[in-house]
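# Fold and geometry: a report
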Amino acid sequence: MAGFQSLPGFRDFYPEDFSRRQHLFRVWRQSARAHGFEEYDAPVLEPLELYTTKSGDEIEGQLFSFQDKGGRNVSLRPEMTPTVCRMVGARAGALKRPIKWFSIAEFYRYERAQKGRLRAFNQFNADIFGEAGPEAEIELIALLIQCLCGFGLTKDDFSVRLSDRDLWFFYLEALGFNDAQARGLLSAVDRYEKMGEDAFKACAEAPGGLAPELKDKVLSFLKIRSLPELEAVLAPCASEKISARLDDWRKVLAGLAAMGLGEFVGVDLGVVRGLAYYTGFVFEAFDRKGDLRALAGGGRYNDLIRKLGYSDLPAVGFAIGDVTTGLLLEQRGLTPVYVSAPDVYAVLGGPAERAAALGDIRQLRAAGWRVDYPFKDLAFGKQFKAAAESGAKLALIYGGDELAKGVVKIRDLTDRSEREVPRHQVLASVRTALSGP
RNA sequence: GCGAUCAUAGCUCAGUUGGUUAGAGCACAAGAUUGUGAAUCUUGGGGUCGCGGGUUCGAAUCCCGUUGGUCGCCCCA
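Residues numbered from 1 in each chain as written. Chains lettered and ligands numbered in written order. Predicted model: local features only at pLDDT ≥ 70, side-chain atom pairs only at ≥ 80, totals over all residues. Heavy atoms only, no water.

What the rule picks out here adds up to 21 aromatic pairs. Measuring from ring centre to ring centre gives 6.1 Å for Y192 and F200, while their planes differ by 55°; the resulting arrangement is tilted. Considered together, Y192 and F200 belong to a single accessibility category, that of buried residues. Every member of this aromatic cluster is reached through a ring pair, and the members are F25, W28, F102, F124, F151, F283 and F318. Sitting above the plane of the F13 ring, R21 keeps its charged end 4.3 Å from the centroid. (Phe/Tyr/Trp six-rings, centres within 6.5 Å; stacked < 30°, edge-to-face > 60°. Buried < 20%, exposed > 50% of the residue type's maximum accessible area, 1.4 Å probe, protein only. Lys NZ or Arg CZ within 6 Å of the ring centre and 35° of its normal.)

Residue position: A188 is located in helix α6 (residues 179–195). Judged by its relative accessible area of 1%, A188 is buried. Distance in space between the C-alpha atoms of A188 and G359 is 71 Å, their sequence separation being 171 residues. In contact with A188, other than residues within four places in its own chain, are A199, F200 and C203. (Helix = DSSP H or I, 4+ residues; strand = E, 2+ residues; numbered from the N terminus. Contact = heavy atoms within 4.5 Å.)

Here we take up the protein's contact with RNA strand B. If you check the shell around RNA strand B, you find 38 residues, and the closest are R117, R273, E402, R411 and E418. Here, RNA strand B places atoms within 4 Å of the protein, and 50% of those atoms are sugar or phosphate. Separating a sugar or linking oxygen of RNA strand B from a side-chain N or O atom of Y277 is a distance of 3.4 Å. Between a base oxygen of RNA strand B and a side-chain N or O atom of R293, the distance comes to 3.1 Å. Ranked by residue count, the leading element in the surface near RNA strand B is helix α14 (residues 380–390), at 5 residues. (Near = heavy atom within 4 Å. Polar contact = N/O pair within 3.5 Å; in protein donor to acceptor, adjacent residues only side chain to side chain.)

For the second largest pocket, the calculated volume is near 390 Å³. Considering the residues around the second largest pocket, the lining is formed by 20 residues, among which R11, R20, D322, G326 and L327 are closest to the centre. Per-element tally for the lining of the second largest pocket: the top contributor is helix α12 (residues 322–331), with 6 residues. (1 Å grid on protein atoms, 1.4 Å probe; cavity = no way out; pocket = protein on both sides within 12 Å on 5 of 7 lines; lining within 4 Å. Points joined across faces, edges and corners; volume = space filled by probe spheres on them.)

We now examine the environment of A202. Positionally, A202 belongs in helix α7 (residues 201–205). Separated by 18 residues in sequence, A202 and G184 have C-alpha atoms that sit 8.3 Å apart.

Per the domain assignment, the segments of chain A are domain 1 (15–331) and domain 2 (344–435). Between domain 1 and domain 2, the C-alpha centre-to-centre distance is 54 Å. (Domains from an automatic or database assignment.)

With 17 residues, α6 should cover 24 Å at 1.5 Å per step; its first-to-last C-alpha distance of 24 Å lies within 8% of that length. Within α6, the axis deviates most sharply at V189, by approximately 30°. Three or more residues of α6 are buried, namely A182, L185, L186, A188, V189 and Y192. On its buried face, α6 is in contact with α5 (165–174), α7 and α8 (212–222). Two or three places before A180, at the start of α6, stands the capping residue N178, its side-chain oxygen 3.1 Å from that residue's backbone nitrogen. Trailing α6 by a residue or two, G196 shows a phi angle of about 75°, which is positive. (Expected span 1.5 Å × (residues − 1). Bend = angle between axes of the 7 residues up to and from the residue.)

When helix α16 (residues 426–435) is considered as a whole, its buried residues turn out to be V426, S429, V430 and L434. Seen from one end, α16 has its buried residues packed into an arc of 120°, which puts them on one side. Turned more than 90 degrees off the buried face of α16, the exposed positions are T432 and S435. Where α16 is buried, its residues contact β12 (344–348), α13 (351–366), β14 (394–398), β15 (407–412) and β16 (418–422). (Arc of directions from axis to C-beta.)

Per the stated rule, a full pass over the model turns up 34 salt bridges. A salt bridge links R411 to E418; its shortest N-O distance comes to 2.9 Å. The class for E418 is partly exposed, based on a relative accessible area of 38%. Residues joined by salt bridges that share partners form a network here, namely R161, E193, R225 and D268. (Salt bridge = Lys/Arg side-chain N within 4 Å of Asp/Glu carboxyl O.)

The next subject is unusual backbone geometry. Omega for the bond connecting R97 with P98 falls within 30 degrees of zero, at -5°, which places this linkage in the cis form. Take P98: it is sitting in the loop between α3 (81–90) and β5 (99–108). In this structure, R416 takes a positive phi of about 65° despite not being glycine. The class of R416 is exposed, set by a relative accessible area of 63%.

Time to look at the side chain of D343. Secondary-structure assignment places D343 in the loop between α12 and β12. There is no salt bridge for the buried D343, and the closest opposite charge comes from K393, which lies 4.4 Å off by N-O distance. Residues within four places of D343 in sequence aside, it is in contact with W369, R370, A392, K393, L394 and L434. (Lys, Arg positive; Asp, Glu negative; His and termini not counted.)

Taken in spatial order, the 5 strands make up an open sheet running β13-β12-β14-β15-β16, and their pairing is mixed. Two strands bound the open sheet, and with one partner strand each, they are β13 (371–372) and β16. Note: β15 against β16, 5 bridges, orientation antiparallel. Within the sheet, the bridge partner assigned to R411 lies in β16 and is E418. Sheet strands touched by α14: β12, β14 and β15. Its angle to β12, the strand with the most contacts, is close to 175°. The strands touched by α16 are β12, β14, β15 and β16; relative to β14, the strand with the most contacts, the crossing angle is about 155°. (Pairing = 2+ DSSP bridges. Axes fitted to C-alpha atoms, helices over the stretch in contact; angles between N-to-C directions.)

Shown next as structure tokens:
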């Protein structure tokens, strides 16, 4: 293979691929606007410290980072959250609350590609700032659901699993674990789905160990699948903190049920989400059948904006990736058929006819119609074939006879009917033919 | 960072125990066909067989290395 290839994990978007990607973006953008979110964008390249501050220095191994010619340590963005926090934090005092923002952007992570994961990918991000109550979660989860239903997916195709990092910590505290032990247990919970009970081995072997009866309590907690179960399990260790969290749980689930979205959402405390900056509800959207990685994920991060050096501002957000979503739509046959058809195809008799047609073509195009014509003079038969293959609805025929009579022949390529119209009425006739039923 | 597996035309693939000038279908282009359509027929362009080295009289084929794809591990914001 001569020449060059794209870099590993990066994709070329040929027109058909590009159109599929645009379909994702279109649905996401439309859903966000319908929910009252405003669109923003930001630089692809950021200071490296923006990410190490948020996630720790270890994160650099996963980043496309380098030193620029001015000696600055920089990184391609691996996610939008720190950037949007910076933007909102910088103008927090001036922005009307609640702040509901979304973006569609490309991100870069220096990792080995595998199914559903590449080095360059697109994400839809939506966040709400300035609202500490569960109303923000309701709004975002509703948006997330619409961002998937907009493709034709249903409650049988995916579900949103709702969990709560704060509640985990409160529960583990009530069971007598200290903070470090609780963190270890949560990372085991995160691995449980993949590894089963082996996930708890490290905790059991740690100093102090993990008593079997406590391990059973943790296991049964992460197997909870409904609000009543959750309330029952927490009843014995009720505290002010825990009952406040349960109030929020009731509000979120009731709000989503009121929206008619109750069947999309389930309680699942097995969802923890890797990095530890989430402070309350966390949620992920999953394919119900199949073994795809998460379609979307998010949660509340009330401390992050302060951590980045701005004032306190509660925040909750989520992201959907284009790679896994695209795979799921492909599996479900929900990828739209690619069509690239002009509205009008002009058939040109020869050089004189071409000259006459070009003026009309330019007018039709200025009016917004998509018009094509052959670059080279071709036999009529060939041109009609080309017109039909182009997928155009109308052919405009500029032949010697028509030119002499001062008319253009309009052929409807669907029903093969033809009629002649005066040259100066071409635009009006095309408009009528294309907008009528 | 680690492991498995694959790589022949734009796509899907064939290519015998190593043996002349590497093939097919689809796609693309031209012609049959200079006033009317998805068919048919004919013809054509397109390959340093991913790349580099080695073995051999001879390599798409065997060996080593390398790059890339796919799948998994680590990680997953």
